[in-house]
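Below, each chain spelled out in residue letters.
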Amino acid sequence: MITFIPLTGFLGAGKTTTMTAAALALQEQGRKVAVITNDQGVELVDTKLVRSKLDSVAEVTGGCFCCKFEDLVEAIVALVASDSVDTVIAEAVGSCTDLQATVVRPLRQYYGDDMVVAPLTTVVDPLRHLAFARAAERGEPESDLSYLFRQQVTEADVIAVNKLDTIQPDRAEELLATLRTSNPKATVVGYSATTGAHLDTLLDAWEAPATNEDVVLDIDYDRYAAAEAQLAWMNQELDLTAAGDGFDATAWARTVLQELSGWAAEHGAVIGHAKITVETAGGDFAKLSLTESGAQPTLDRAADAHAPAGRAVVNARVACEPDALDAAVTEAVGAADLATAVTSSATTPVSFKPSYPRPVHRLAPAGA
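Attention in this report is confined to the structure presented alongside it. Treat the numbers as computed from the prediction; the structure is a model and nothing was measured.

## Comments concerning the packing of aromatic side chains
(1) Moving on: Enumeration over the complete set of coordinates arrives at four aromatic pairs.
(2) Moving on: Between F10 and F132, the aromatic rings sit 6.0 Å apart at their centres with planes inclined by 90°, giving edge-to-face as the arrangement. Placement of the pair is F10 in the loop between strand 1 (2-8) and helix 1 (15-28) and F132 in helix 5 (residues 126-137), with a sequence separation of 122 residues.
(3) Moving on: Assessed through its relative accessible area of 3%, F10 is described here as buried.
(4) Moving on: An aromatic cluster is built from F10, F132 and F149, whose rings are joined through pairwise contacts.
(5) Moving on: The cationic tip of R301 hangs over the ring face of F285; the distance from NZ or CZ to the ring centre is 4.1 Å.

## Considerations on the environment of D248
(1) Moving on: Checked against the element boundaries, D248 lands in the loop between strand 9 (232-242) and helix 10 (249-267).
(2) Moving on: Take D248: its relative accessible area is 27%, and that puts it in the partly exposed class.
(3) Moving on: Taking C-alpha positions, D248 is 22 Å from T47, a pair spaced 201 residues apart along the chain.
(4) Moving on: Those residues in contact with D248 that lie beyond four places of it in its chain are A305 and T340.

## Focus on unusual backbone geometry
(1) Moving on: Of note in the backbone geometry, D98 takes a positive phi value of approximately 65° without being a glycine.
(2) Moving on: On the secondary structure map, D98 appears in the loop between strand 4 (87-91) and helix 4 (99-111).
(3) Moving on: Its identity is not glycine, yet H198 carries a phi of approximately 60°, on the positive side.
(4) Moving on: Within the secondary structure, H198 sits in the loop between strand 8 (187-190) and helix 8 (199-207).

## Observations concerning the sheet that holds strand 10 (residues 271-280)
(1) Moving on: Spatial strand order, 12-11-10-13-9-14: six strands in an open sheet with antiparallel pairing. With one partner strand each, in any of the chains shown, strand 12 (298-301) and strand 14 (342-346) form the two edges of the open sheet. Looking at each pair of strands side by side, their axes are set apart by 20° on average, direction ignored.
(2) Moving on: The pairing of strand 9 with strand 13 (residues 309-318) spans ten bridges and is classified as antiparallel. The partner of W233 across the bridge, within strand 13, is R317.
(3) Moving on: Against the sheet, helix 10 engages strand 9, strand 10, strand 11 (285-290), strand 12, strand 13 and strand 14, with an angle of about 160° to strand 10.

## Some thoughts on the pattern of salt bridges
(1) Moving on: For the structure shown, the criterion picks out 15 salt bridges.
(2) Moving on: A salt bridge links D39 to R317; the shortest N-O distance between them is 2.8 Å. Highlighted residues: D39 in the loop between strand 2 (33-38) and helix 2 (45-51) and R317 in strand 13, separated in sequence by 278 residues.
(3) Moving on: Taking the shortest distance from any N to any O, the salt bridge between R223 and D144 comes out at 2.8 Å.

## A word on the packing of helix 5 against helix 6 (residues 144-154)
(1) Moving on: Where helix 5 contacts helix 6, the two axes come as close as 11 Å, and the packing angle between them is 120°. As the angle between them shows, helix 5 and helix 6 are arranged oblique. As helix 5 runs across helix 6, the sense of the crossing is left-handed. Of the residues in helix 6, those touching helix 5 at R128, H129 and F132 are L145, S146 and F149.
(2) Moving on: Per-class residue counts for the contact of helix 5 with helix 6 are three nonpolar, two polar and one charged.

Rules behind the numbers
- Residue positions are given per chain, counted from 1 along the sequence in the order it is written.
- Reporting of local features is limited, given that this is a predicted model, to residues whose pLDDT is at least 70; pairs of side-chain atoms are given and counted only at 80 or more, and all residues count toward the totals for whole chains, interfaces and linings.
- To obtain the side-chain values, all non-hydrogen atoms of the structure were used and water was disregarded.
- Stacked, tilted and edge-to-face pairs are distinguished by plane angle, under 30 degrees for stacked and over 60 for edge-to-face with tilted covering the rest, among Phe, Tyr and Trp rings (Trp via its six-membered ring) whose centres lie within 6.5 Å.
- Numbering of helices and strands starts at the N terminus; helices are DSSP runs of H or I of at least 4 residues and strands are runs of E of at least 2.
- For every residue, the accessible area obtained with a 1.4 Å probe (protein chains only) is divided by the maximum for its type, and the residue is called buried under 20%, exposed over 50%, and partly exposed between those limits.
- As a reminder, the over-ring test applies to NZ of lysine and CZ of arginine, requiring each to be within 6 Å of the ring centre and within 35 degrees of the ring normal.
- By definition in these notes, contact holds between two residues if any of their heavy atoms fall within 4.5 Å.
- DSSP bridges decide pairing: two strands pair if at least two such bridges lie between them.
- Here, axes are lines fitted to C-alpha atoms. For helices the fit covers the stretch in contact, and angles between N-to-C directions go from 0 to 180 degrees.
- By salt bridge we mean one thing: a side-chain nitrogen of Lys or Arg within 4 Å of a carboxyl oxygen of Asp or Glu.
- Comment on the angle field: the value is read as roughly parallel under 35 degrees, roughly antiparallel over 145, roughly perpendicular from 65 to 115, and oblique elsewhere.
- Crossing handedness is read from the near helix: turned anticlockwise from the far helix by less than a right angle, it gives a left-handed crossing, and turned clockwise, a right-handed one.
- Under the scheme applied, nonpolar residues are Ala, Val, Leu, Ile, Met, Phe, Trp, Tyr, Cys and Pro; charged residues are Asp, Glu, Lys and Arg; polar residues are all the others, including Gly.

Listed below in structure tokens is the structure:
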């Protein structure tokens, strides 16, 4: 019998960091853990970072778990068969919701003899939550993205407030209390996946029974699709060559994200997330990420500063038109090339908007 742990949560909440930190912690307890990443596109930045830390990693691309349900099952089966894992943690696309009906219940109903499905966990970025809350307090109409975020929180068995170290302790306690009051059926925990602080509270929550499994989302799929369609999704690869003896891969990636952050702030474009890896010719790699317009990038991993060449992968999810994102990234790459003495050649930009969500299954609670 294996344990399957499903994670959801808005773009940039730290699902991958949470998944990786939790997997390592569970392995220290003697569990054999595999993880599955998920995205609407291909060439995932997060998969490379996870593979640098964990042995058993799979990915489901080209759509969310709900629309790629059979691919998810195949990935689980393959991991169990090849690596003899007993625990699988999987993170859904950050713009996906309604997972209780489209993923959790189908897994329990059709594969319950071989699999225990842990409580559905929604990972929350406190600053993103507070931004949406402030907009509501000002009486602004609920945006489609805010609507999507609210649905993700509403269906959670466990609300996992990550990055709790990024806000003041009194604000953190207030946020946790507010979430517990507004979501009485959910278990609310706070932690930092980066530092590991209080991560044990999340692991304990996964061992408890699901408390919100009978939830039925009052969800408008047209509005859900509209929220996803607000985001342009870009996955692009670039070959990088140093003009001199070597270049700084970390500095190149940081400059790209700084330029993109400034562009997004200037144009009022919400950044879901933007992530870059640069793998150098020697096999080392840098990884940086950005989750807020106008903010500085976060360094997740640094690389050697004197690489002769490298290959970059850019994943960007930004609320704008695809052609605008293509142009912004192209301009940002040009600035990074100039700043770090690099010549880059890129694949054709492949920005797109997700198609209408059409889940394979959508099951009501038992007895409903």
